[in-house]
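Single-letter residue listing:
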Amino acid sequence: DVKVTQSSRYLVKRTGEKVFLECVQDMDHENMFWYRQDPGLGLRLIYFSYDVKMKEKGDIPEGYSVSREKKERFSLILESASTNQTSMYLCASSLPSGLTDTQYFGPGTRLTVL
Amino acid sequence: SQKIEQNSEALNIQEGKTATLTCNYTNYSPAYLQWYRQDPGRGPVFLLLIRENEKEKRKERLKVTFDTTLKQSLFHITASQPTDSATYLCALATGGGNKLTFGTGTQLKVEL
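A few points on the structure. On a predicted model such as this, the values are computed, not experimentally measured, just so you know.

**Focus: the sheet that holds strand β7 (residues 64-70) of chain A**
Residue and element names in this part refer to chain A. As summarised here, the arrangement of the 4 strands in space is β1-β3-β8-β7, forming an open sheet in which the pairing is antiparallel. The two strands at the open ends of the sheet, each matched to only one other strand, are β1 (4-6) and β7. Ignoring which end each strand starts from, the neighbouring axes of this sheet average 20° apart. Bridge count between strand β3 (residues 19-25) and strand β8 (residues 73-78): 6 bridges; the pairing is antiparallel. Residue V24 lies in a different strand from β8, and its bridge partner there is R73.

**Let's talk about the packing of aromatic side chains**
The description of two aromatic rings rests on the distance between their centres and on the angle between their planes. Counted under the stated rule, the structure contains 13 aromatic pairs over all chains. What links up through ring pairs into an aromatic cluster is the set F33, Y35, F48, Y50 and F105 of chain A together with Y36, F46 and F102 of chain B.

**With respect to the environment of G58 of chain A**
Residue and element names in this part refer to chain A. Topologically, G58 is positioned in the loop between β6 (56-57) and β7. Along the sequence, G58 and E30 sit 28 residues apart, while their C-alpha atoms lie 17 Å from each other. Not counting residues up to four positions away in its chain, the partners in contact with G58 are L45, I46, Y47 and F48.

**Considering the state of the cysteines**
Residue and element names in this part refer to chain A. Applying the stated criterion to the full structure yields 2 disulfides over all chains. Between C23 and C91 runs a disulfide, and the two sulfur atoms are separated by 1.9 Å. With the S-S bond torsion at -75°, the cross-link from C23 to C91 turns out left-handed. Taken together, the residues C23 in strand β3 and C91 in strand β9 (residues 87-94) connect sequence positions 68 residues apart.

**Here's the deal with the sheet that holds strand β3 (residues 19-25) of chain B**
Residues and elements named next belong to chain B. Ordered in space as β1-β3-β8-β7-β6, the 5 strands form an open sheet in which the pairing is antiparallel. What marks the edges here is a single partner per strand, and that holds for β1 (4-6) and β6 (56-59). Strand-to-strand, the axes of this sheet are offset by a mean angle of 15°, without reference to chain direction.

**Let's talk about the side chain of R36 of chain A**
Residue and element names in this part refer to chain A. Structurally, R36 is set in strand β4 (residues 31-38). Looking at R36, its side chain comes within polar contact range of the side chain of D38, at 2.9 Å. A polar side-chain atom of R36 sits 3.4 Å from the main-chain carbonyl oxygen of T86. Once residues within four sequence positions are removed from consideration, R36 is found in contact with G42, L43, R44, I46, I60, Y64, N84, Q85, T86, S87, M88 and Y89.

**Concerning the pairing of β3 of chain A**
Residue and element names in this part refer to chain A. Residues V19, L21, C23 and Q25 of β3 are buried on one face, while the alternating residues F20, E22 and V24, pointing to the opposite face, are not. Judged from the 3 bridges that link them, β1 and β3 form a sheet pairing that is antiparallel. Counterpart to V4 in the pairing with β3 is Q25.

**Some details on the pattern of salt bridges**
The full count for this structure, using the stated rule, is 11 salt bridges over all chains. With its nearest N and O atoms 2.8 Å apart, the salt bridge here joins R44 of chain A to D38 of chain A. On the accessibility criterion, D38 of chain A (12% relative accessible area) is buried. A salt bridge links R58 of chain B to E56 of chain B; the shortest N-O distance between them is 2.8 Å. Put simply, D28, E30 and K71 of chain A are held in one network by salt bridges that share partners.

**Details of the layout of surface pockets**
Each pocket or cavity is described by its volume, and for the largest pocket that value is around 550 Å³. Surrounding the largest pocket, 24 residues form its lining, Q37 and P39 of chain A together with Q38, T87 and T104 of chain B being those nearest its centre. Those elements giving two or more residues to the lining of the largest pocket turn out to be β4 and β9 of chain A together with β9 (86-93) and β11 (106-111) of chain B. Tallied by class, residues from the lining of the largest pocket come to 7 nonpolar, 13 polar and 4 charged.

**Let's talk about the environment of L111 of chain A**
With respect to the helices and strands, L111 of chain A occurs in strand β11 (residues 109-113). When neighbours within four sequence positions are excluded, L111 of chain A is seen to be in contact with L11, K13, V19, L78, Q85, T86, S87 and Y89 of chain A.

Criteria and thresholds
Note that residues are indexed from 1 along each chain, following the sequence as it is written. Written order determines the labels here, with chains lettered from A and ligands numbered from 1. Reporting in this predicted model follows two pLDDT cut-offs: at least 70 for local features of residues, and 80 or more for side-chain atom pairs to be given and counted; totals over whole chains, interfaces and linings ignore these cut-offs and use all residues. To get the side-chain values, all heavy atoms of the structure are used, and hydrogens and water are removed first. A pair of strands counts as paired when DSSP detects no fewer than two bridges linking them. Only DSSP runs of H or I reaching four residues or more are called helices, and only runs of E reaching two or more are called strands; each is numbered from the N terminus. Every angle, taken between N-to-C directions, lies between 0 and 180 degrees, and every axis is a line fitted to C-alpha atoms, over only the stretch in contact when it is a helix. Centres within 6.5 Å are what make two rings of Phe, Tyr or Trp a pair, Trp counting through its six-membered ring; a difference in plane orientation under 30 degrees is then read as stacked, over 60 as edge-to-face, and the rest as tilted. Note on definitions: a residue-residue contact is assigned when non-hydrogen atoms from the two residues lie within 4.5 Å. The disulfide definition used here is simple: a pair of cysteine sulfur atoms within 2.5 Å. Polar contact is the term for a pair of N or O atoms within 3.5 Å; when the atoms are in protein, one must be able to donate a hydrogen and the other to accept it, and sequence-neighboring residues count only if both atoms are side-chain atoms. Partly exposed residues are those whose accessible area sits between 20% and 50% of the maximum for their type, while under 20% is buried and over 50% is exposed, using a 1.4 Å probe and protein chains only. Salt bridges, as used here, are contacts in which a Lys or Arg side-chain nitrogen is within 4 Å of a carboxyl oxygen on Asp or Glu. We place a 1 Å grid over just the protein atoms. Points where a 1.4 Å probe fits but has no way out form a cavity, open points with protein on both sides within 12 Å along at least 5 of 7 lines form a pocket, and any residue with an atom within 4 Å of a point lines it. Grid points are joined across faces, edges and corners, and a volume is the space filled by probe spheres set on the points. Under this grouping Gly is polar, as are all residues other than the nonpolar Ala, Val, Leu, Ile, Met, Phe, Trp, Tyr, Cys and Pro and the charged Asp, Glu, Lys and Arg.

Spelled out as C-alpha cells, the structure:
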C-alpha cells in the first residue's frame, strides 16, 4: 500500500514565523501535490511537482513556496505565516499521467496561525 | 476553467437504503472522473475511477455512472451502513499533467 506521511498532525505558529510542512511518500511516485482545504471551498491546489527539483504553481501559490530535493520528499514552506493561512494542509502523490492519476493523500496537517 | 458542483447539503438516509450522490461539471468532458471518501480530520481516500468510454463501474456496494452528455456522474452506495457516513468528493483531471480539480464534497450520514 502507498503510504504518504506528513510531519505533524497539528501545528500552532505565530504570525510572521517561517513554517515548514514536510511530506514523504514511500511508493516512488513522480508526482507530488500540496493542497489546502477550507470549509465550503474544498481542496485547492497550492503547488505540485513532477520530478525532483521541478515545481509548478497551482491555483493559490501566493504566500507559499515548495522544495523537492529528493523524489520521496516534498516540502511546503510558509515564508511568513499569516492568520489567513490557518487551514488543513494535505499532501498527495501519484504516478505519471497515462498510468493512473489516482492521488494518495497523507493524513493532513491542521495549521493554526495566531 | 473546469467547475465541479456537488450538493453542499448533507444527505441523510436510513441504514439499508441506497445513497445517491451527484457530481456535475461545466466545461469539457474529462477523460475520467474519480470518487474519493474523506473522513473528518483525515485525507481523502480513492474509491473508484470511471473513464469517459465507460458508462458504469462497480466495486462491491459502490456504483458510479458517467454521462458525458449530461456532464454528470452519479455515485451510489447500496445497502448503506452507518460506517459509510463520510464526505464524498468527486475529482476531474484538468490541465494535463495529473492535476485534479476536486468538488467541495457531499456529506453523507447513514442513520440507524
